[in-house]
Amino acid sequence: MKQTGNIVVLTGAGISAESGIDTFRDAGGLWEKHRIEDVATPEAFARNSALVQGFYDARRAALDTVEPNAAHDALARLDARWPDDEKHSLLIVTQNVDDLHERAGARRVLHMHGELRSALCGHCGVRTPWQGALADAPPCEACGAPALRPDVVWFGEMPYQMPRIYQALAKADLFVSIGTSGAVYPAAGFVQEAAAYGARTLELNLERSEGSHWFDESRQGRAGELVPAWVE
Ligand SMILES: CC(C)NC(=O)[C@H](Cc1c[nH]c2ccccc12)NC(=O)[C@H](CCCC/N=C(/NCCC(=O)O)S[C@H]1O[C@H](COP(=O)(O)OP(=O)(O)OC[C@H]2O[C@@H](n3cnc4c(N)ncnc43)[C@H](O)[C@@H]2O)[C@@H](O)[C@H]1O)NC(=O)OCc1ccccc1
Ligand SMILES: [Zn+2]
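Quantities reported herein were computed from a predicted structural model and do not represent experimental measurements.

Within the first shell, the zinc ion (ligand 2) binds the protein through Cys121 (SG), Cys124 (SG), Cys140 (SG) and Cys143 (SG), at distances of 2.2 to 2.3 Å. Taken together, the four donor atoms coordinating the zinc ion (ligand 2) span angles of 106 to 115° at the metal, a pattern that classifies the geometry as tetrahedral. Each donor residue of the zinc ion (ligand 2) belongs to the same chain, and together they define the spacing C-x2-C-x15-C-x2-C. Of this pair, Cys121 sits in strand 4 (residues 114–121) while Cys143 sits in the loop between strand 5 (127–129) and strand 6 (148–152), placing them 22 residues apart in sequence. A relative accessible area of 2% places Cys121 in the buried class. The partly exposed category is assigned to Cys143, whose relative accessible area is 31%.

Structure (structure tokens):
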């Protein structure tokens, strides 16, 4: 059995569910209230930017009403004690656009689908930390274009930092997936990528995900219990 030195953790909406943030596909989830095509594609933004800005402004505002939960805290503890040297590394790749990993104290976090607390200029690409609404945003400070949009990856757009993610998957000894349904690519394909390079693969999820059969082991339950138990 390969010694566990290099760990990649993939998280999805399920890890933030116990903090009170809606998931996407569960009953009453975001995609029940909004059609993906209407709020999470570049075409939707071009068609009706006010609707899309409103969707993300509401989610950004909701961040002030929630706190990290025991699963975020446990990953932050792992991040604090796991070495970072030629034999050890840890990367938390999240599909989530919330800031709960960082608020729990985790540092080695990569937001592959972007962040609510950031604005992206659609004209010059400059990113600006953003707290309030974007609906009535001023023009971009860098280029003056009225083109500020949520700094999130929409369907059909390339996720962020893919080369860094594939690099980490290629050297991973252990790949752990937490709170994700495995319905959205390329994230849903990471387990196969890691397994192809010989990593052990573990799923921690409320129910078996669409890609559950790709994992060496799948544990069902709430992240708030499963993750602290796994980390300790
Ligand atoms: C719908 C799907 C079929 N479509 C795609 O995958 C598309 C198209 C596609 C690409 N490749 C393919 C291959 C096959 C088929 C389709 C495709 N992918 C794309 O468009 C991607 C971009 C996709 C990103 C879109 N943006 C998001 N988010 C940001 C915005 C926003 O947040 O609004 S996706 C968004 O939805 C996904 C939601 O999934 P989950 O997080 O898993 O949430 P979900 O609700 O589904 O599940 C929650 C799970 O938690 C569990 N759970 C619930 N409570 C708990 C609990 N308490 N504890 C534990 N578990 C729990 C539940 O049981 C459940 O299993 C996340 O990724 C999330 O970020 N871009 C792209 O492909 O670019 C080109 C490319 C790429 C690479 C190389 C070359 C070219
Ligand atoms: Zn600009």
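We are not done yet, so read on.
Splitting the protein chain by domain gives domain 1 (1–21 + 68–113 + 158–232) and domain 2 (30–65 + 117–152). For domain 1 and domain 2, the distance between their C-alpha centres works out to 26 Å. With seven residues of domain 1 in contact, the opposing surface of domain 2 contributes seven residues. It is Val97, Asp99 and Tyr160 that lose the most area in domain 1 upon contact with domain 2, and together they represent 68% of the buried surface on that side. The interface formed by domain 1 and domain 2 includes one salt bridge. In this structure, Asp99 and Arg117 form a salt bridge, with 3.0 Å as the shortest nitrogen-oxygen distance. There are four residue pairs in polar contact (both at pLDDT 80 or more) connecting domain 1 and domain 2. When grouped by side-chain class, the residues that make up the side of domain 1 that touches domain 2 number three nonpolar, one polar and three charged.

For Ala44, the location among the structural elements is in helix 3 (residues 42–47). Between the C-alpha atom of Ala44 and that of Glu86, which follows or precedes it by 42 residues, the distance is 45 Å. If we skip the residues at most four places from it in the chain, Ala44 touches Glu37, Asp38, Val39, Ser49 and Val52.

Another point: the site of ligand 1. The local shell around ligand 1 holds 32 residues, among which Phe24, Arg59, Gly156, Thr180 and Ser181 are the closest. At 2.8 Å from an oxygen atom of ligand 1 is found a main-chain nitrogen or oxygen belonging to Ala13. A distance of 2.7 Å is found between an oxygen atom of ligand 1 and a side-chain nitrogen or oxygen belonging to Arg59. When ligand 1 is considered free in solution it has 1500 Å² of accessible area, and contact with the protein chains removes 78% of it. For the shell around ligand 1, the class distribution of residues is 14 nonpolar, 11 polar and seven charged.

What follows covers the pattern of salt bridges. Close approach of charged atoms allows side chains with opposite charge to pair. As enumerated under the stated definition, the model contains 16 salt bridges in all. Its salt-bridge partner being Glu37, residue Arg35 comes within 3.3 Å of it at the nearest N-O pair. Its relative accessible area of 41% is what places Glu37 among the partly exposed residues. Close ionic contact of Asp99 with Arg103 constitutes a salt bridge, the shortest N to O distance being 3.1 Å.

Basis of the calculations
Residues numbered from 1 in each chain as written. Chains lettered and ligands numbered in written order. Predicted model: local features only at pLDDT ≥ 70, side-chain atom pairs only at ≥ 80, totals over all residues. Heavy atoms only, no water. Donors = N, O, S within 2.8 Å, 3.2 Å for Na, K, Ca; no water. Tetrahedral: all angles 85-135°; square planar, octahedral: opposite > 155°, others 65-115°. Helix = DSSP H or I, 4+ residues; strand = E, 2+ residues; numbered from the N terminus. Buried < 20%, exposed > 50% of the residue type's maximum accessible area, 1.4 Å probe, protein only. Domains from an automatic or database assignment. Contact = heavy atoms within 4.5 Å. Buried area = accessible area lost by both parts, 1.4 Å probe. Salt bridge = Lys/Arg side-chain N within 4 Å of Asp/Glu carboxyl O. Polar contact = N/O pair within 3.5 Å; in protein donor to acceptor, adjacent residues only side chain to side chain. Nonpolar A, V, L, I, M, F, W, Y, C, P; charged D, E, K, R; others polar. Near = heavy atom within 4 Å. Areas by Shrake-Rupley, 256 points an atom, 1.4 Å probe, with all protein chains shown as cover.

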